[in-house]
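# Summary of structural features
Next come the chains, spelled out residue by residue.
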Amino acid sequence: MAKVTMLNMAGAQAGEIELNDAIFGIEPNENAVHAVVKNYLANQRQGTQSAKTRAEVRGGGRKPFRQKGTGRHRQGSSTDPSQVGGGIVFAPKPRDYRYTLPKKLRRLAMKSALSSKVAEKEIIVLDELKFDAPKTKEMVKVLANVKAAKKALIVMAEKDENVVKSAANIPGVRTALVGTMNVYEIINHESFIITQEAAKKIEEVYL
């Protein structure tokens, strides 16, 4: 079991927490992480790009100019891709870029991402994270107290509107739940901030 120092919202030590090595202490698998990140980015693509082929552009009903004597190359249709206003060769069409990966691979990637945060000492565990009301200034103060990086991901066990709204206007700071966090966001943020409750829930979900 890896032991990590737990902090309170003031940045002072509030004890230690043991993190399960099966989730937070494995040898990171870079290939699994790469595959899952690539899959995540592909799934975010809208795939709405579209252009017209020579069959779809307007015109082409008659020969644009006579075959010989003009000094130009022979041409039979104004829809030809070589003509101004003509169609596009291999025109892109709307398509779905989504694809799925095996569950075991996704779980391995998640464990690898979490383990890398522990190994690189980029994980910050808080005993609790609560606000009486949404206050951006209070969240900024907490992040400064725990010495979080400019890009930080805050993971909670349960949704707390006060926490979400307090972090919403801070550039580079994102909030997520244990059930909605993903590998891309974990590795894309320098600081991985979780509450004690969230750490236990992660172990319940991924053990």
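Just above sits the structure.
Scope of this entry: the structure provided in the associated data block. Numbers given to residues run from 1 along each chain, matching the order in which its sequence is written. This being a predicted model, a pLDDT of at least 70 is required before a residue's local features are given, and a value of 80 or more before pairs of side-chain atoms are given or counted; all residues contribute to the totals for chains, interfaces and linings. Where side-chain values are given, they derive from all heavy atoms of the structure, hydrogens and water being excluded.

## Some points on the overall build of the protein
Where we set the bar: Each helix is a run of H or I in the DSSP string that is no shorter than four residues. Each strand is a run of E no shorter than two, and both are numbered from the N terminus. This radius of gyration counts C-alpha atoms alone. The globule rule is 2.2 Å times how many residues there are, raised to the power 0.38. Whether two residues are in contact is decided by their heavy atoms, any of which lying within 4.5 Å being enough. Each accessible area is a Shrake-Rupley estimate made with a 1.4 Å probe; only the visible protein chains count as cover when residues are assessed. In this count, Lys and Arg are taken as positive residues and Asp and Glu as negative ones, while His and the chain termini are left out. The location of each charge is read from NZ of Lys, CZ of Arg, CG of Asp or CD of Glu.
When its secondary structure is counted, the protein shows seven helices and six strands. Listing each helix as α and each strand as β along the protein from the N terminus yields β-β-α-α-α-β-α-β-α-β-α-β-α. Here the C-alpha radius of gyration of the protein, 27 Å, is well above what a compact globule of 207 residues would show, namely 17 Å. A principal-axis box enclosing the C-alpha atoms of the protein has dimensions of 90 × 40 × 25 Å. Intrachain contacts of the protein at a sequence separation of at least 6 include 67% that bridge at least 24 residues. On the protein, roughly 12,800 Å² of surface is accessible, and the fraction owed to carbon and sulfur atoms is 49%. Side-chain charges of the protein comprise 34 positive and 22 negative groups, with the mean position of each set lying 19 Å from the other.

## Some words on the packing of aromatic side chains
Heads up, the condition is: Two rings from Phe, Tyr or Trp (for Trp, the six-membered ring) form a pair when their centres sit within 6.5 Å of each other. Planes less than 30 degrees apart are called stacked, planes more than 60 degrees apart edge-to-face, and all others tilted. Think of it in three bands: with a 1.4 Å probe and only protein chains considered, a residue is buried below 20% of the maximum accessible area for its type, exposed above 50%, and partly exposed in between. The rule for a charge over a ring is simple: NZ of Lys or CZ of Arg within 6 Å of the ring centre, and within 35 degrees of the ring normal.
This model, assessed by the stated rule, comprises one aromatic pair. Relative to Tyr 184, the ring of Tyr 40 has its centre 5.1 Å away and its plane inclined at 20°; by these criteria the two rings are stacked. Separated by 144 residues along the polypeptide, Tyr 40 in helix α2 (residues 30–44) and Tyr 184 in helix α6 (residues 183–188) bring together distant segments of the chain. You can call Tyr 40 partly exposed: its relative accessible area is 23%. Judged by relative accessible area, which is 27%, Tyr 184 ranks as partly exposed. A cation over an aromatic ring shows up here: Arg 45 above the ring of Tyr 97, its NZ or CZ 3.6 Å from the ring centre.

## A short note on the packing of helix α3 (residues 103–119) against helix α7 (residues 196–206)
Just so we agree on the cut-off: Only the stretch in contact is used when a helix axis is fitted, and all axes are lines through C-alpha atoms; the angle between N-to-C directions ranges over 0 to 180 degrees. Throughout, the term roughly parallel applies to angles under 35 degrees, roughly antiparallel to angles over 145, roughly perpendicular to angles from 65 to 115, and oblique to all others. Crossings are assigned a handedness: left-handed for a near helix turned anticlockwise from the far helix by less than a right angle, right-handed for a clockwise turn. Lys, Arg, Asp and Glu make up the charged group, whereas Ala, Val, Leu, Ile, Met, Phe, Trp, Tyr, Cys and Pro make up the nonpolar group; the residues left over, Gly among them, are polar.
It is the contact of α3 with α7, at a shortest axis distance of 12 Å, that shows an interaxial angle of 150°. Between α3 and α7, the angle is such that the two are roughly antiparallel. The chirality of how α3 crosses α7 is left-handed. Across the interface between the two elements, Arg 107, Met 110, Lys 111 and Leu 114 of α3 pack against Ile 202, Val 205 and Tyr 206 of α7. Residues belonging to the contact of α3 with α7 are distributed by class as follows: five nonpolar, no polar and two charged.

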